[in-house]
Amino acid sequence: MTDNIAAGSPTSDIPSPADGYVGDPAVRAEWDKRYAERPQLWSGRPNGVLVAEVAGLTPGRVLDVGCGEGADAVWLARGGWDVTALEVSGVALERAAGHARDAGLDVRWVHAALTEAVLPPASFDLVSAQYPALLRTPDAAAERALLAAVAPGGVLLLVHHAGMDTQQAHDSGFDPADYVWPSMVADLLSDDWQVDVNEQRPRVAPGDGAGAHHTDDLVLRVRRLR
């Protein structure tokens, strides 16, 4: 779930529904429907792995991929980060922008698919993708987009639910083979990258919400050397 970086100054105002969203309309519609079914889909608190792994990092420019209702983006902005937050769902972005406004924080909101978004290359000190629903393609477009956004010396933090990548296709239509998992990004790493963390660990859940039943995380944290 992700995603124009408008090159202007940070703002908590998002585009109108006729905003020039770039991406698959069906994906946007699917996520808008999911968010519209509940007044709040996620817990409203920042993801535990993000909180743990960002500790000790110097705030800089961060790209929050699949920002949802904005809990991570708001937490990062409050911590001094210059936040760009991407999301495909306009419903989610409206909620996220509202939370940022209520907190008096500035965030750049990006309404496009990750692979379609106009992002400055190699310019983010942190790229955070917490449980993203990134569709897999033969050319590994989403994986390469994540890596391409990281500045030299910067960090990519990719987190997903452990065990989902090995499940069989569901009757509901969910097939793990359709999505990007941390191992696929790790497989693309060259000598330009240093792997700091690549592990499964117990999940520190931020509370209730749609993903609260998952107990373990896959965590990939890599640093771009050059």
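Since we're looking at a predicted model, the values are computed, not measured. (Residues numbered from 1 in each chain as written. Predicted model: local features only at pLDDT ≥ 70, side-chain atom pairs only at ≥ 80, totals over all residues. Heavy atoms only, no water.)

**Regarding the overall build of the chain**
Alright, step 1. The helix and strand tally for the chain stands at six helices and seven strands.
Alright, step 2. The linear arrangement of helices and strands in the chain, starting from the amino end, is α-α-β-α-β-α-β-β-α-β-α-β-β.
Alright, step 3. Taken across its 226 residues, the chain has 51% of its residues classed as buried.
Alright, step 4. Element-wise, carbon and sulfur atoms account for 50% of the exposed surface of the chain, whose accessible area totals about 10,400 Å². (Helix = DSSP H or I, 4+ residues; strand = E, 2+ residues; numbered from the N terminus. Buried < 20%, exposed > 50% of the residue type's maximum accessible area, 1.4 Å probe, protein only. Areas by Shrake-Rupley, 256 points an atom, 1.4 Å probe, with all protein chains shown as cover.)

**Observations concerning the nonpolar core**
Alright, step 1. The biggest cluster of nonpolar side chains holds 27 residues, and the ones touching the most others in it are L76, W81, V83, W109 and L126.
Alright, step 2. Sorting the residues of this core by element identifies α2 (48-54), α3 (71-78), β2 (82-87), α4 (90-103) and β5 (150-161) as the ones contributing at least two each.
Alright, step 3. Once residues lying within four places of it in the same chain are set aside, the contact partners of L126 are V54, R61, V62, L63, L76, W81, V155 and L157.
Alright, step 4. Residues V127, A149, L189 and V222 belong to the second largest nonpolar core, which totals 26 residues. (Core = buried A, V, L, I, M, F, W, Y, C linked by side-chain atoms within 4.5 Å. Contact = heavy atoms within 4.5 Å.)

**With respect to unusual backbone geometry**
Alright, step 1. You will see that Y131, though not glycine, has its phi angle at about 55°, which is positive.
Alright, step 2. In this fold, Y131 is placed in the loop between β4 (124-130) and α5 (141-148).
Alright, step 3. Taking relative accessible area as the criterion, Y131 reaches 12% and is therefore assigned buried.
Alright, step 4. Notably, A140 is not glycine yet its phi reads approximately 55°, a positive angle.
Alright, step 5. Mapped onto the elements, A140 comes out in the loop between β4 and α5.
Alright, step 6. Overall, A140 belongs to the buried group, its relative accessible area being 11%.

**A short note on the pattern of salt bridges**
Alright, step 1. Summed over all chains, the structure comprises 10 salt bridges.
Alright, step 2. Residues joined in a network through salt bridges with shared partners are E53, D196, E199, R201, R221 and R223. (Salt bridge = Lys/Arg side-chain N within 4 Å of Asp/Glu carboxyl O.)

**A short note on α3**
Alright, step 1. Every buried residue of α3 is listed here: D72, A73, V74, L76 and A77.
Alright, step 2. Each element contacted by the buried residues of α3 is listed here: α2, β1 (61-65), β2, α4, β3 (108-111) and β4.
Alright, step 3. Of the residues one or two after α3, G80 is the one with positive phi, at around 100°.

**Concerning the environment of N198**
Alright, step 1. Position of N198 among the secondary structure elements: in strand β6 (residues 193-202).
Alright, step 2. For N198, a relative accessible area of 52% puts it in the exposed group.
Alright, step 3. Measuring from C-alpha to C-alpha, the distance between N198 and V219 comes to 5.6 Å, with 21 residues separating the pair along the chain.
Alright, step 4. Those residues in contact with N198 that lie beyond four places of it in its chain are A186, V219 and L220.

**Re α4**
Alright, step 1. Under the 1.5 Å per step criterion, the end-to-end length of α4 is 20 Å for 14 residues, consistent within 8% with the ideal 20 Å.
Alright, step 2. Those residues of α4 that sit buried are G90, A92, L93, R95, A96, A97, G98 and A100.
Alright, step 3. On its buried side, α4 packs onto α1 (25-36), α3, β2 and β3.
Alright, step 4. Sitting at the amino-terminal end of α4 is S89, which places a side-chain oxygen 3.3 Å from the backbone nitrogen of V91. (Expected span 1.5 Å × (residues − 1). Polar contact = N/O pair within 3.5 Å; in protein donor to acceptor, adjacent residues only side chain to side chain.)

**Digging into the confidence of the model for the chain**
Alright, step 1. Of all residues in the chain, 83% have pLDDT values of 70 or greater, and the mean over the chain is 87.
Alright, step 2. Long-range and interchain partners of residues 1-18, a stretch whose pLDDT sits below 50, account for 62 contacts in this model, where long-range means more than four residues apart. (pLDDT = per-residue confidence, 0-100.)

**Thoughts on the pairing of β1**
Alright, step 1. Along β1, four of the five residues are buried, which leaves the element largely enclosed by surrounding structure.
Alright, step 2. Note on the crossover from β1 through α3 to β2: the handedness is right-handed.
Alright, step 3. Of the strand pairs in this sheet, β1 and β4 are connected by four bridges, and their pairing is parallel. Bridging from a neighbouring strand, D64 pairs with S128 of β4. (Right-handed = clockwise from strand over helix to strand, strands pointing away. Pairing = 2+ DSSP bridges.)

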